[in-house]
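# Chains, contacts and geometry: an overview
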Amino acid sequence: DVSLRSSTERGLSKSQRCWLSFCVMAVIVTNSICWARFVRACLGQYSLANLSWFFLHASIYWEDLLKASVMTVLRKHGITNGTLVIDDTDKKRSKTTTHIWGVSKQKDKASNGYVQGQCIVLLLLVTQTITIPVGFVFHRPDPALRKWIKEKEKLRLQGVSKKDIPKRPKRDPEYPTKINLGLKLLEYFKKEHSEIVVNSVLADAAYGTAHFMDEASAIFGGIQVVSELRSNQLILSRNRTGSL
């Protein structure tokens, strides 16, 4: 709360601090984020309705709270530099869920089928002592683009020529790509934690484009950006270009 007040001038009330402390403790005890489990863990001291109501209606500035929490951890461990890592992960949800934000149909690698889930783009700070998450954002696929890809594949299997297939629709700005979301996370970290020296940026193959690597490097003044190579990329070795 001290870090929150010093950085944003927005503190927490006594009830907000108590509620947040309980939730953090409940997450550690139950290893989950689930109101029902929290209620069982506290032996009925708090009701599910009370806990969820506070989350939905309390005027807590969540982004400022994350910033203050990161600042507290960095200060406590004396961290002044590190490497930023961008990755994304899929979280499975119920197949019938309709009330969770950002849920979409995803490929399930375990069953080779499809599930409902959320895709989260993460930004981690890796240092010599600790690794901590410093930012995240939900990625939502563009429904119009998904529909076009599905229709394109259907027409291709039917033998329709490429020129007769409808043109690719423009991406809706409401559904940015993972690359754009990753760049926004880097820009946010640079803005809010300018005192931290970023040595390099790491990302997996999904972010291995010239646009991402050039933009990510420029955000931090030309640092090195490392990404995994894809099988369809070319490599330059001993002045010779070849397929990976």
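Keep in mind it's a predicted model, so treat the numbers as computed, not measured.

From N to C terminus, the chain includes eight helices and eight strands. Structurally, the chain occupies a C-alpha span of about 65 × 45 × 30 Å along its principal axes. Within the span of the chain, comprising 244 residues, buried residues form 36% of the whole. For the chain, long-range pairs separated by at least 24 residues make up 58% of all intrachain contacts whose partners lie at least 6 apart in sequence. Here the chain has roughly 16,600 Å² of accessible surface; of this, 55% comes from carbon and sulfur atoms.

This paragraph deals with the environment of V85. Assignment of secondary structure puts V85 in strand 1 (residues 81-93). Residue class for V85 comes out buried when judged on its relative accessible area of 19%. Considered as a pair, V85 and T127 are 42 residues apart in the sequence and their alpha carbons are 11 Å apart. Those residues in contact with V85, other than ones at most four positions away along the chain, are L122, L123, L124, V126 and L202.

Turning our eyes to something else, we now look at the confidence of the model for the chain. Confidence along the chain averages 87 in pLDDT terms, with 95% of residues attaining 70 or more. Ranking the elements of the chain by mean pLDDT puts helix 1 (residues 2-8) last, at 53, and strand 5 (residues 197-203) first, at 96.

This brings us to the nonpolar core. Membership of the largest hydrophobic core comes to 28 residues, with the highest contact counts inside it found for L84, L186, F189, F212 and F220. Secondary-structure elements contributing two or more residues to this core are helix 5 (62-76), strand 1, strand 3 (113-126), strand 4 (131-139), helix 7 (178-192), strand 5 and helix 8 (210-219). Here this core takes six residues from helix 7, the largest share from any one element. If sequence neighbours within four positions are ignored, L186 has contacts with L84, I86, L123, V201, F212, A216, I219 and F220. Of all hydrophobic cores here, the second largest spans 13 residues; its members include L12, A26, V39 and L65.

Basis of the calculations
- Residues numbered from 1 in each chain as written.
- Predicted model: local features only at pLDDT ≥ 70, side-chain atom pairs only at ≥ 80, totals over all residues.
- Heavy atoms only, no water.
- Helix = DSSP H or I, 4+ residues; strand = E, 2+ residues; numbered from the N terminus.
- Buried < 20%, exposed > 50% of the residue type's maximum accessible area, 1.4 Å probe, protein only.
- Contact = heavy atoms within 4.5 Å.
- Areas by Shrake-Rupley, 256 points an atom, 1.4 Å probe, with all protein chains shown as cover.
- pLDDT = per-residue confidence, 0-100.
- Core = buried A, V, L, I, M, F, W, Y, C linked by side-chain atoms within 4.5 Å.

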